[in-house]
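# An overview of the molecular structure
The primary structure of each chain is shown beneath.
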Amino acid sequence: PTIWVNYKITPKWEINGRAEYFSDPSGIIIPTETNRNFVGTGFSLGIDFSVSPYALWRFEARSIKTNDNVFINQHKGNPSDLNTFFTTSIAVKLP
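Quick look at the structure, then. This one's a predicted model, so the numbers in the text were calculated from it and none came from an experiment.

Turning our attention to the sheet that holds strand E2 (residues 13-24). Sheet architecture is open: five strands sit in the order E1-E2-E3-E4-E7, paired in antiparallel fashion. One side of each edge strand has no neighbouring strand; the edge strands of this open sheet are strand E1 (2-8) and strand E7 (82-92). Strand-to-strand, the axes of this sheet are offset by a mean angle of 15 degrees, without reference to chain direction. In the sheet, E2 pairs with strand E3 (residues 38-52) via 12 bridges, with the strands oriented antiparallel. Within E3, the position partnered with Ala-19 by the bridge is Phe-43.

It is worth spelling out the pairing of E3 at this point. Sheet topology places E3 next to strand E4 (residues 55-66); 12 bridges connect them, and they run antiparallel. Counterpart to Gly-46 in the pairing with E4 is Glu-60. Here E3 hands over to E4 after two residues, the two strands then running antiparallel side by side.

On to the side chain of Ser-44, then. In this structure, Ser-44 sits in strand E3. Judged by its relative accessible area of 9%, Ser-44 falls in the buried class. Among the polar contacts made by the side chain of Ser-44, one reaches the side chain of Glu-60 at a distance of 3.2 Å. Non-local contacts of Ser-44, meaning those with residues more than four positions away in its chain, are made with Asn-16, Gly-17, Arg-18, Glu-60, Ala-61 and Arg-62.

Together, Val-51, Trp-57, Phe-59, Ile-90, Val-92 and Leu-94 give the surface a local cluster of nonpolar side chains, amounting to about 620 Å² of exposed area. Elements represented by at least two residues in the nonpolar patch include exactly E4 and E7. Relative to the helices and strands, Phe-59 resides in strand E4. Accessibility expressed as a relative area gives 32% for Phe-59, which makes it partly exposed.

Rules used throughout
Residues numbered from 1 in each chain as written. Predicted model: local features only at pLDDT ≥ 70, side-chain atom pairs only at ≥ 80, totals over all residues. Heavy atoms only, no water. Pairing = 2+ DSSP bridges. Helix = DSSP H or I, 4+ residues; strand = E, 2+ residues; numbered from the N terminus. Axes fitted to C-alpha atoms, helices over the stretch in contact; angles between N-to-C directions. Buried < 20%, exposed > 50% of the residue type's maximum accessible area, 1.4 Å probe, protein only. Polar contact = N/O pair within 3.5 Å; in protein donor to acceptor, adjacent residues only side chain to side chain. Contact = heavy atoms within 4.5 Å. Patch = residues over 30% accessible without salt bridge, like charges linked within 9 Å, V, L, I, M, F, W, Y side chains within 5 Å. Areas by Shrake-Rupley, 256 points an atom, 1.4 Å probe, with all protein chains shown as cover. Salt bridge = Lys/Arg side-chain N within 4 Å of Asp/Glu carboxyl O.

That is the geometry; function is a separate question.
If you want it as C-alpha cells, here you go:
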C-alpha cells in the first residue's frame, strides 16, 4: 500500500510526500541474499515544478528501511538496512 499527499504552493510549484510498504514474499521482484524475503517501508518528500503544461520537473528525497541488511553502504562497504537517495526527473506528456 501507498499513501500519497500533494499540496500546490503556486500554479507552478507543488510539494508531495509518500509513505509505502513493500513486501515481496516470493523474492521475485526484489531478491535478497538473506533467509527472509524483502519487507520494508519507504518515505519520500518531493517538490515538483511545472515547466509547461506538458513537462514536469521533480526533485525527490527518498528513504527505504528494510527488515534485513540488503543495501550496501557505498562509502563504508558494509551492509545496511537503510537506503536514502536523492533524485531528479523530467516527465513529458505528449499533446
